[in-house]
Amino acid sequence: MEARTKTLWTFVITSVALFMVVLDNLVVSTALPVIRTELDATIEQLEWTVNAYTLTFAVFLLTGAALGDRFGRRRMFIIGLSLFTAASAAAALAPSIEALIAARAVQGIGGAIVTPLTLTLLSAAFPAERRGVALGAWSGIAGLAVAAGPLVGGAVVDGIAWQWIFWLNVPIGLAVLPLARMLHESHGPDKALDLPGLGLASGGLLGLVWGLVHGNADGWGSPTIVASLTVGALLLAAFVAWEARAKAPMLPLRFFKDRAFSAANGASLAMYFGMFGSVFLLSQFFQTAQGYSPLEAGLRVLPWAAMPMIVAPIAGALSDRI
């Protein structure tokens, strides 16, 4: 009974943390028009409130798992959750758009540490024959957070103020942190950190995102934009080359020889590329062009964003059988 109780608590703790982190990917989307007005932000600055989180989240996601392997998964989970909670409070208190962008970047780092460790901790808590169901539920919770993001953001902005989309994380984080000490501590077999890989991936992604965000304003043929995009592409190519020969790569390229692994990653790339690329514009179109309130805009995004929540648990259960 004790083992079952501990497994249940592991599922609850990791699920709440995952929901809170993933929610912040999209919760800010329906608040952008209000933030633009209240903080006197430009469109480029609004883009960076989203991109600052997404960029640091993407860059440090692989590193979060590696840090857990080296220093302890429970320990790094607690550190990441603490960082995310503190950054949420800083975002809520941000007096300017620059301060908000900086807080969002720190949020992304905390989220990047927490997210892979929720998966690792959950996988270790369930036996192999039930792992598909557990991971399907994990994906469903992530899908629920994606679907609820624009809706929750719209409701909070309509009912209270945009700052509360970040304040909501603080009591949740403070409640989960002491419970996280119940989790079983574990380490991974590979405790080396791929610092060159981290540097190349970080620089490459930063160059590409910087060029894409500033391309319209500066001109796509301007030397700054061309240089940014070129350097970003070259650094990512160097990252792939380095990972192919590194002794402890942060992204082992041999995984991509597995057709199922490559197909799953390709499908995920297509889904998230379309979703996160579109929702930034959709939320502003509904509110600015169509005249809907933030809550009404969130409701109109909900059916489109809800499908991962519905499909993922079914796919997880089927994976154990098929």
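See the structure shown above.
Model, not experiment: these values are computed from the prediction. (Residues numbered from 1 in each chain as written. Predicted model: local features only at pLDDT ≥ 70, side-chain atom pairs only at ≥ 80, totals over all residues. Heavy atoms only, no water.)

Novice: Just to check I follow, could you spell out the overall build of the chain for this structure?
Specialist: Of regular secondary structure, the chain possesses 13 helices and zero strands. The N-to-C order of helical and strand elements in the chain reads α-α-α-α-α-α-α-α-α-α-α-α-α. In terms of C-alpha radius of gyration, the chain reaches 20 Å, essentially the compact-globule figure of 20 Å for 322 residues. Taking the principal axes of the C-alpha coordinates as reference, the chain spans close to 55 × 45 × 35 Å. Within the span of the chain, comprising 322 residues, buried residues form 45% of the whole. In the chain, 82% of the contacts between residues at least 6 apart in sequence involve partners at least 24 apart. Accessible surface, the chain: about 15,500 Å² in total, of which carbon and sulfur atoms supply 69%. Averaging the coordinates of the 19 positive side-chain charges in the chain and doing the same for the 18 negative ones gives two points 14 Å apart. (Helix = DSSP H or I, 4+ residues; strand = E, 2+ residues; numbered from the N terminus. Rg over C-alpha atoms; globule rule 2.2 N^0.38 Å. Buried < 20%, exposed > 50% of the residue type's maximum accessible area, 1.4 Å probe, protein only. Contact = heavy atoms within 4.5 Å. Areas by Shrake-Rupley, 256 points an atom, 1.4 Å probe, with all protein chains shown as cover. Lys, Arg positive; Asp, Glu negative; His and termini not counted. Charge placed at Lys NZ, Arg CZ, Asp CG, Glu CD.)

Novice: Sorry, what's going on with the nonpolar core here?
Specialist: The tendency in soluble globular proteins is for nonpolar side chains to be buried side by side. Of all hydrophobic cores here, the largest spans 49 residues; its most connected members are Val28, Ile35, Ile97, Leu100, Trp162, Ile165 and Phe166. Here the element with the most residues in this core is helix H6 (residues 131-159); it accounts for nine residues. Setting aside anything within four residues of it in sequence, one finds isoleucine 165 in contact with Asp24, Val27, Val28, Ala31, Gly153, Val156 and Val157. The next biggest cluster of nonpolar side chains, apart from the first, holds 21 residues, and it includes Met76, Val114, Leu177 and Leu183. (Core = buried A, V, L, I, M, F, W, Y, C linked by side-chain atoms within 4.5 Å.)

Novice: Sorry, what's going on with the packing of aromatic side chains here?
Specialist: Any aromatic ring pair is given by two values, namely how distant the centres are and how the planes are angled relative to each other. Under the counting rule described, the total for this entry stands at eight aromatic pairs. Ring centres 5.8 Å apart and planes at 50° place the aromatic pair tryptophan 48 and tryptophan 210 in the tilted group. Pair noted here: tryptophan 48 is in helix H3 (residues 43-71) and tryptophan 210 is in helix H9 (residues 195-218), with a separation of 162 residues, a long-range link. Residue class for tryptophan 210 comes out partly exposed when judged on its relative accessible area of 40%. Between the aromatic rings of phenylalanine 255 and phenylalanine 261, the centroid separation amounts to 5.6 Å while the plane-to-plane angle is 65°, which identifies the pairing as edge-to-face. For phenylalanine 255, a relative accessible area of 36% puts it in the partly exposed group. Assessed through its relative accessible area of 29%, phenylalanine 261 is described here as partly exposed. (Phe/Tyr/Trp six-rings, centres within 6.5 Å; stacked < 30°, edge-to-face > 60°.)

Novice: Got a minute to help me understand the packing of H3 against helix H4 (residues 73-92) in this structure?
Specialist: The description of two helices packed together rests on the angle between their axes and the distance between the axes. At a closest axis distance of 8 Å, the pairing of H3 and H4 adopts a crossing angle of 150°. Classed by the angle they form, the pair H3 and H4 counts as roughly antiparallel. Along this stretch, H3 crosses H4, giving a crossing that reads as right-handed. Of the residues in H4, those in contact with Tyr53, Leu67, Gly68, Asp69 and Phe71 of H3 are Arg73, Arg75, Met76 and Phe84. Looking at side-chain class alone, the contact of H3 with H4 contains five nonpolar, one polar and three charged residues. (Axes fitted to C-alpha atoms, helices over the stretch in contact; angles between N-to-C directions. Parallel < 35°, antiparallel > 145°, perpendicular 65-115°, else oblique. Left-handed = near helix turned anticlockwise from the far one by under 90°. Nonpolar A, V, L, I, M, F, W, Y, C, P; charged D, E, K, R; others polar.)

Novice: How should unusual backbone geometry be read in this particular structure?
Specialist: The phi angle of most residues is negative, glycine excepted, and most peptide bonds adopt the trans form. Despite not being glycine, aspartate 40 has its phi angle at roughly 55°, a positive value. Looking at the element boundaries, aspartate 40 is found in the loop between helix H2 (32-38) and H3.

Novice: Help me out: how do you make sense of the side chain of threonine 10 in this one?
Specialist: Here threonine 10 shows up in helix H1 (residues 2-26). Judged by its relative accessible area of 7%, threonine 10 falls in the buried class. Look past the residues within four positions of threonine 10 in its chain and what remains in contact with it is Leu121, Leu122, Ala125 and Leu183.

Novice: Got a minute to help me understand the packing of H4 against helix H5 (residues 97-125) in this structure?
Specialist: One way to put it is that H4 packs onto H5 with a least axis distance of 8 Å and a crossing angle of 150°. Comparing their axes, H5 and H4 come out roughly antiparallel. Two packed elements cross with a definite hand, and for H4 against H5 that hand is left-handed. For the contact of H4 with H5, the class distribution of residues is 16 nonpolar, seven polar and two charged.

Novice: Honestly, the environment of arginine 104 in this entry has me stumped. Any pointers?
Specialist: Note that arginine 104 resides in helix H5. Through-space distance from the C-alpha of arginine 104 to that of glycine 72 is 25 Å; in sequence the pair is 32 residues apart. Of the polar contacts made by the side chain of arginine 104, one reaches the backbone oxygen of threonine 49; its length is 2.8 Å. (Polar contact = N/O pair within 3.5 Å; in protein donor to acceptor, adjacent residues only side chain to side chain.)

Novice: What is the right way to read a nonpolar patch on the surface from this model?
Specialist: A cluster of nonpolar side chains, contributed by Leu8, Trp9, Val12, Val16, Ile172, Leu179 and Met182, occupies part of the molecular surface with about 540 Å² of accessible area. Counting residues per element, the ones that place at least two in the nonpolar patch are H1 and helix H8 (169-180). When residues in the nonpolar patch are grouped by element, the largest group, four residues, is from H1. The residue methionine 182 is located in the loop between H8 and H9 in this model. (Patch = residues over 30% accessible without salt bridge, like charges linked within 9 Å, V, L, I, M, F, W, Y side chains within 5 Å. Salt bridge = Lys/Arg side-chain N within 4 Å of Asp/Glu carboxyl O.)

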